[in-house]
Amino acid sequence: MPDRPLTAIVTGGSRGIGAAVVDRLTTDGFQVNAPGRGELDLSNLATVREWAEAVEPTPDALVLNAGENIPCRLAEMTTEHWLRTLDVNLNSSFELIRSLGPRMAAEGSGRIAAISSCFSFRGRSGRGPYAASKAGLNSLVRVAALEYGPDGVLVNAVCPGFVMTDLTRQNNDDDAIAQLASGTALGRLGEPEEVAELVAFLVGARNSYVTGQTMVIDGGYSCQ
Ligand code: NAP
């Protein structure tokens, strides 16, 4: 990583995991650009492309965090719903990586972390486009790691289990949350700051050899 103040772009930094990542990277000395939905709506891919091509400076770290998960069973799902989730969670990440990856590679360094999910490798009823988008994100990360690795850019995915954020509260009532907690080895949901800690390692100067990985952080939820 270069010997100057580091810069980062974090999507979805307004709340939840993204806000914790912004705080943590700021504490670590990064100058963080966290565009809100008004500046960068990830459901509009043409806008995402334009934004990524124009943004300055080329970031040292790119955290692809923003995502949506509106539960709906496949039989009731509209095509529009399916495609929108794929655009926000996966296709916008492709646009950001393909615009910014080459610029990071030209600098000879850079770190990208995508916030995936444990549902990238598990199923859950009502989470069709969400699970598919996160599985796609894992694959995108592996390919980007191979394509940009020779130029010093490290690319990884982080797969949280259940983290106490608006998204989790929106999709699970208190009983469901208690049940999810009891399904983990640690008996509790994660906190956004705990995910931010892993992200900060992956996109920071201390990470020199982890790339192309999907790192699970779920309190042991996937052990069973
Ligand atoms: P959250 O509290 O719902 O926050 C979502 C963030 O994404 C917000 O900043 C939101 O902006 C932004 N966002 C959503 N749609 C957007 C769009 N079309 N354009 C731009 N920004 C958009 O979610 P979270 O729980 O922190 O989740 C963050 C990431 O972690 C997501 O990718 C999620 O899939 C993943 N994850 C979460 C959990 C969990 O248990 N919470 C588990 C596994 C993975 P606004 O404030 O404008 O709405």
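Higher on the page you've got the structure.
Predicted, not measured: the structure shown is a model, and the values here were computed from it.

Student: Looking at this structure, how should I read helix 6 (residues 174-182)?
Tutor: Note on helix geometry: an α-helix contains 3.6 residues per turn, so any two residues three or four positions apart are oriented the same way. Those residues of helix 6 not exposed but buried are A176, I177, L180 and A181. Burial along helix 6 is one-sided: seen end-on, the buried residues are contained in an arc of 140°. Opposite the buried face of helix 6, at more than 90 degrees from it, the exposed residues are D174, D175, Q179 and S182. Residues of helix 6 that are buried in the fold lie against helix 5 (166-171).

Student: Would you mind showing me how to read the pairing of strand 4 (residues 110-115) here?
Tutor: Along a regular strand, successive side chains alternate from one face of the sheet to the other. By the criterion of burial, strand 4 is predominantly enclosed, with 6 of the 6 residues buried. Across 4 bridges, strand 3 (residues 61-64) lies against strand 4 in parallel orientation. Following the sheet pairing, L62 is matched in strand 4 by I112. Chirality of the crossover, the property in question, places the unit of strand 3, helix 3 (residues 79-107) and strand 4 among those that are right-handed.

Student: Which parts of the structure should I look at to understand the site of the ligand?
Tutor: Around the ligand sit 28 residues, and of these S14, N65, Y130, V163 and T165 come closest. Here R15 contributes a side-chain N or O atom positioned 2.7 Å from an oxygen atom of the ligand. Protein burial of the ligand: of its 900 Å² of free accessible surface, 92% is covered by the chains. The dominant element in the shell around the ligand, judged by the number of residues it contributes, is helix 5, at 3 residues.

What counts as what
- Residues numbered from 1 in each chain as written.
- Predicted model: local features only at pLDDT ≥ 70, side-chain atom pairs only at ≥ 80, totals over all residues.
- Heavy atoms only, no water.
- Buried < 20%, exposed > 50% of the residue type's maximum accessible area, 1.4 Å probe, protein only.
- Helix = DSSP H or I, 4+ residues; strand = E, 2+ residues; numbered from the N terminus.
- Arc of directions from axis to C-beta.
- Contact = heavy atoms within 4.5 Å.
- Pairing = 2+ DSSP bridges.
- Right-handed = clockwise from strand over helix to strand, strands pointing away.
- Near = heavy atom within 4 Å.
- Polar contact = N/O pair within 3.5 Å; in protein donor to acceptor, adjacent residues only side chain to side chain.
- Areas by Shrake-Rupley, 256 points an atom, 1.4 Å probe, with all protein chains shown as cover.

Interpretation note: all reported values are geometric properties and have no functional meaning in isolation.
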